[in-house]
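# A look at the structure
If you want the building blocks of each chain, they are given just below.
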Amino acid sequence: MHARPDTDEAALLARSQSGDVNAFNELVLRYQSSVYNVALRMLGDADLAADITQDTFLSAFRHLATFRGGTAFRSWLLRITTNLVYDHWRRQRRHPDESLEAARDEDDLQSPATLAQLASPTLEANPELYLLHQELQELIQRGLAELPPEQRLAVILCDIEGLPYEEIAAVTHTTLGTVRSRIARGRARLRTYLARYQELLPRQFRSP
Amino acid sequence: MAQDYQEHPTLEQLSAYLDGALSAEEEAFCAAHLPHCASCRSELASLRLTRDLLRALPRATPPRAFTLTPELLRTSSRPEGPESVAADAGASAEEPVALLAPSPSALSPQTHQVRPTGGAGARRQHLRRFVQVLSALAAVIALVLLLSGALTWLREGPSSTMSTAVQRAAEASVTPPFAQQEGPVRTPAAATEESRGVRPGLTATPASASSTAEKQPDRHLSALLGAALSAPVERLLLGGLLLIVALVGLLMTRKARSPSWPGHDQDEANRQAAH
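Residues numbered from 1 in each chain as written. Chains lettered and ligands numbered in written order. Predicted model: local features only at pLDDT ≥ 70, side-chain atom pairs only at ≥ 80, totals over all residues. Heavy atoms only, no water.

### Focus: the overall build of chain A
Helix and strand counts for chain A stand at 11 helices and zero strands. By the burial criterion, 60% of the 208 residues in chain A qualify as buried. Long-range contacts, defined as pairs at least 24 residues apart, comprise 63% of the intrachain contacts of chain A with a sequence gap of at least 6. Accessible surface computed for chain A: about 8600 Å², of which carbon and sulfur atoms make up 51%. (Helix = DSSP H or I, 4+ residues; strand = E, 2+ residues; numbered from the N terminus. Buried < 20%, exposed > 50% of the residue type's maximum accessible area, 1.4 Å probe, protein only. Contact = heavy atoms within 4.5 Å. Areas by Shrake-Rupley, 256 points an atom, 1.4 Å probe, with all protein chains shown as cover.)

Below, the structure written as C-alpha cells:
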C-alpha cells in the first residue's frame, strides 16, 4: 500500500542518518498516515494518536543510527509506534487517575475529534469503497477495542493497513504462525461482536 | 490442527485462505474441501464479511503534518519531553516483545537496536535490579547471622546476655580479632560507647553496613562489628533486622515491576465456538 522500497527512500534514509532533518521530514510525510492510523485504531482517541505519532517520529529520528535496513523502514516505524502504545497503556495501569480520564475519552463516541478523523473526505471521491455510515464505523472501532491488544494490532496491520503477513511478523516480532493465529482469532472475535448488531450492517454485509 | 486437517480446515486456515497466505498444500486442501462443506463456506463468508468491513473503514487523515521542527527537537530533550517517553518505550521494548513473541528467533536485529541504553526506564530498571540484588545479599547475610547466632546460643546457653555482649565488644576492640598490629588501642569505655553509638546505624541500613564492612578496611569499625557479631544475642537481633529489611526490599521491587499484559491469547475462538 505504502511500501515504496525504492532508491529514493534509501537516499532519504542515508541523508537522514547523517542528520538531515529535511530529508527525514520527507519520510515523515510519506509514513505519517500509516503511523497515525495504526495509533488511532489501536487507541481509539485522535489526540492520543497524534501524540503517539509525533513521538514515533521524534524517537525514530533520534535512534535512526540503529536502523540499518534489512527490514522495511515502515516496519521499524510501526514497531516504535506499537511500543509507544503499549507504553501508554502500561502508564495508565500505573496511574489509574489518568486511565479513568482516558477511558472516558475512549467511551465518548460522540467525540467530535474522532468523528472528524473518521469521516475522510477522500472516501467520497473513491467509489470503490463502501461508504460506511458513522454509526457503523464507531461500532467497528468499539469491536476493535474489545480485542486483546495483540489480536487488535494484528487485525489493524492486516485489514486496515494492508500489510502482508511477513511485515506484520516483523512489526510484532513474532512468527508467521503467530501472526496467522492472531489475525484469525481477531477476525472471529470481531465477527461475533458485529453479529450482535446485524441491523447496523449494510445489506451486503448481513449474514445470509 | 493435524486431526482437523483430515476433516475441516481450521479457523486459522480459513482466515489465511482469505489472504492467500496459505502454503500451496493447505491452499489446495481448502479449495478441495470448500465446495463440499456448507458450514465451512458459511464460516469463510462470515470471516470475509468481517474483513471487508474493516477494509471499508475510511483511512483517517492525519490532523497535521508531523514533520520535525527545530523547536520540537529542542523541547523534546527536556526530561519530561517526548524523548523520555521514547526512551521509556525503547527501554521497555523487551516486555511487549516477550508478550508478543513466544519465539525470539523471529527478532530482527534492527528493531532490537531501537532500544537505547540510557533513559528513565532503563535507569529505573537498573535501580530496581540493584535494590533486588542488595536485598538478596542482605537476606543471605541475615540468614548466616541468624544461624550462627542460634548455634552459639544453643552451645553457650541463654546466659550470654546483652551485658556480656557489650563486655565482649569492649574486649574485642582492645584486641581486635582481625585487626593488624598497628591498630589503635582503645579504652574499653570508649569502645563500648562507640559500639552502642554505631550499632543502631548499622542495623538500620544493612546496605551501608555491609558496604562499610566490605569496602572500608576501617579496622576500628570492623573490630566493633566483629565484637558485636561475636555475641549470639546481637547476631540474632541483627540477623532478624536484616531479614526484615531484605524482605521489605524484595517485596517492594516485586510490586514495582511493570504489570504484564493479561494472557488474552486463549483458545476461545476456535471452530466449535464459531458454529
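### Overview of the overall build of chain B
Summing up its helical and strand segments, chain B has 15 helices and zero strands in all. Sorting the 275 residues of chain B into buried and exposed places 39% on the buried side. Contacts spanning at least 24 positions in sequence make up 72% of the contacts within chain B whose residues lie at least 6 apart. For chain B, the computed accessible surface area is about 15100 Å², with 63% contributed by carbon and sulfur atoms.

### What to know about the packing of aromatic side chains
All names here are of chain A. If you walk through the whole model with that rule in mind, you get nine aromatic pairs over all chains. Aromatic side chains Y31 and F73 sit 5.8 Å apart centroid to centroid with 65 degrees between the ring planes, which places their arrangement in the edge-to-face category. Of this pair, Y31 sits in helix α2 (residues 21-43) while F73 is found in helix α4 (residues 73-94), placing the two residues 42 residues apart along the sequence. Pair check on accessibility: Y31 and F73 agree, each one buried. Aromatic pair Y86 and W89: ring centres 5.8 Å apart, planes at 85 degrees, arrangement edge-to-face. Here Y86 and its partner W89 are both found in helix α4, three residues apart, which amounts to about one turn of the helix. With respect to class, Y86 is no different from W89; both count as buried. (Phe/Tyr/Trp six-rings, centres within 6.5 Å; stacked < 30°, edge-to-face > 60°.)

### Focus on the nonpolar core
F24, Y36, F57, F73 and L157 of chain A together with L54 of chain B are the most contacted members of the largest nonpolar core, which totals 68 residues. In terms of residue count, α2 of chain A provides more of this core than any other element does, 12 residues in total. Non-local contacts of F24 of chain A, meaning those with residues more than four positions away in its chain, are made with S16, F57, A60, F61, L64 and F73 of chain A together with L68 of chain B. (Core = buried A, V, L, I, M, F, W, Y, C linked by side-chain atoms within 4.5 Å.)

### Digging into the UniProt feature "transmembrane region" (unreviewed entry) in chain B
Residue and element names in this part refer to chain B. Using the residue numbers shown here, the UniProt feature "transmembrane region" (unreviewed entry) corresponds to residues 133-154 and 236-253. Regarding residues 133-154, the helix share stands at 100% and the strand share at 0%, and the terminal C-alpha atoms are separated by 32 Å. For residues 236-253, the helix share is 100%, the strand share is 0%, and the end-to-end C-alpha distance is 26 Å. (UniProt positions renumbered as here; feature names shortened; annotations may be inferred.)

### Details of the UniProt feature "domain: Putative zinc-finger" (unreviewed entry) in chain B
According to UniProt, the positions carrying the feature "domain: Putative zinc-finger" (unreviewed entry) are residues 11-41 of chain B. As annotated, residues 11-41 of chain B comprises 71% helix and 0% strand, and the C-alpha atoms at either end are separated by 12 Å.

### As for helix α4 (residues 38-56) of chain B
The end-to-end C-alpha distance of α4 of chain B is 26 Å, a good match for the 27 Å that 19 residues give at a rise of 1.5 Å each. Within α4 of chain B, burial applies to C40, E43, L44, S46, L47, L49, T50, R51, L53, L54 and A56 of chain B. (Expected span 1.5 Å × (residues − 1).)

### Concerning the packing of α2 of chain A against α4 of chain A
All names here are of chain A. Two numbers describe how α2 lies on α4: the axes approach to 10 Å, and their chain directions differ by 40 degrees. Regarding the angle of α2 to α4, the classification is oblique. At the point where α2 passes α4, the crossing takes the right-handed sense. Mapping the contact onto sequence places F24, L27, Y31, S34, V35, V38, A39, M42 and L43 in α2 and F73, R74, L77, L78, T81, V85, H88 and W89 in α4. (Axes fitted to C-alpha atoms, helices over the stretch in contact; angles between N-to-C directions. Parallel < 35°, antiparallel > 145°, perpendicular 65-115°, else oblique. Left-handed = near helix turned anticlockwise from the far one by under 90°.)

### Brief notes about the side chain of S75 of chain A
Position of S75 of chain A relative to the elements: it lies in helix α4. Discounting residues that sit within four places of it in the chain, S75 of chain A has contacts with E167, A170 and V171 of chain A.

### Focus: the confidence of the model for chain B
Residue and element names in this part refer to chain B. When pLDDT is averaged across chain B, the result is 64; 45% of the residues are at 70 or more. Across chain B, the element-wise mean pLDDT spans from 35 in helix α7 (residues 94-100) up to 96 in helix α2 (residues 11-18). The low-confidence segment residues 78-119 (pLDDT under 50) makes 87 contacts with residues lying over four places distant or belonging to another chain. (pLDDT = per-residue confidence, 0-100.)

### As for the state of the cysteines
All names here are of chain B. Taken as a whole, this structure holds zero disulfides over all chains when the rule is applied. For the unlinked cysteine C37, the closest cysteine sulfur is that of C40, found at 3.6 Å. C37 gets classed as buried once you look at its relative accessible area, which sits at 7%. (Disulfide = S-S within 2.5 Å.)

### What to know about a nonpolar patch on the surface
Among the surface-exposed residues, L127, F130 and V131 of chain B lie close enough to one another that they form a single nonpolar patch of about 290 Å² accessible area. Classification of F130 of chain B by relative accessible area gives exposed; the value is 51%. (Patch = residues over 30% accessible without salt bridge, like charges linked within 9 Å, V, L, I, M, F, W, Y side chains within 5 Å. Salt bridge = Lys/Arg side-chain N within 4 Å of Asp/Glu carboxyl O.)

### Points about helix α1 (residues 7-17) of chain A
Residue and element names in this part refer to chain A. Where α1 is concerned, the buried positions are E9, L12, L13 and S16. When α1 is viewed along its axis, its buried side chains cluster within an angular range of 100 degrees and face the same direction. As for α1, its buried residues are in contact with α2, α3 (46-62) and α4. (Arc of directions from axis to C-beta.)

### Some words on unusual backbone geometry
The backbone of H173 of chain A sits at a positive phi, close to 60 degrees, despite the residue not being glycine. By secondary structure assignment, the location of H173 of chain A is in the loop between α10 (165-172) and α11 (176-195).

### Regarding the pattern of salt bridges
Opposite charge on two side chains permits them to pair, given that their charged atoms come into close proximity. Evaluated as defined, the whole model comprises 13 salt bridges over all chains. Across the pair E161 of chain A and R59 of chain B runs a salt bridge, and its minimum N-O distance is 2.7 Å. Residue E161 of chain A is located in the loop between α9 (149-160) and α10, and its partner R59 of chain B is located in the loop between α4 and α5 (70-75); the two belong to separate chains. On the accessibility criterion, R59 of chain B (22% relative accessible area) is partly exposed. In this structure, D19 of chain B and R187 of chain A form a salt bridge, with 2.9 Å as the shortest nitrogen-oxygen distance. Highlighted residues: D19 of chain B in the loop between α2 and α3 (24-33) and R187 of chain A in helix α11, drawn from two different chains. We classify D19 of chain B as partly exposed; its relative accessible area is 22%. Taking relative accessible area as the criterion, R187 of chain A reaches 0% and is therefore assigned buried. Linked by salt bridges that have partners in common, D159 and R187 of chain A together with D19, R51 and D52 of chain B make up one network.

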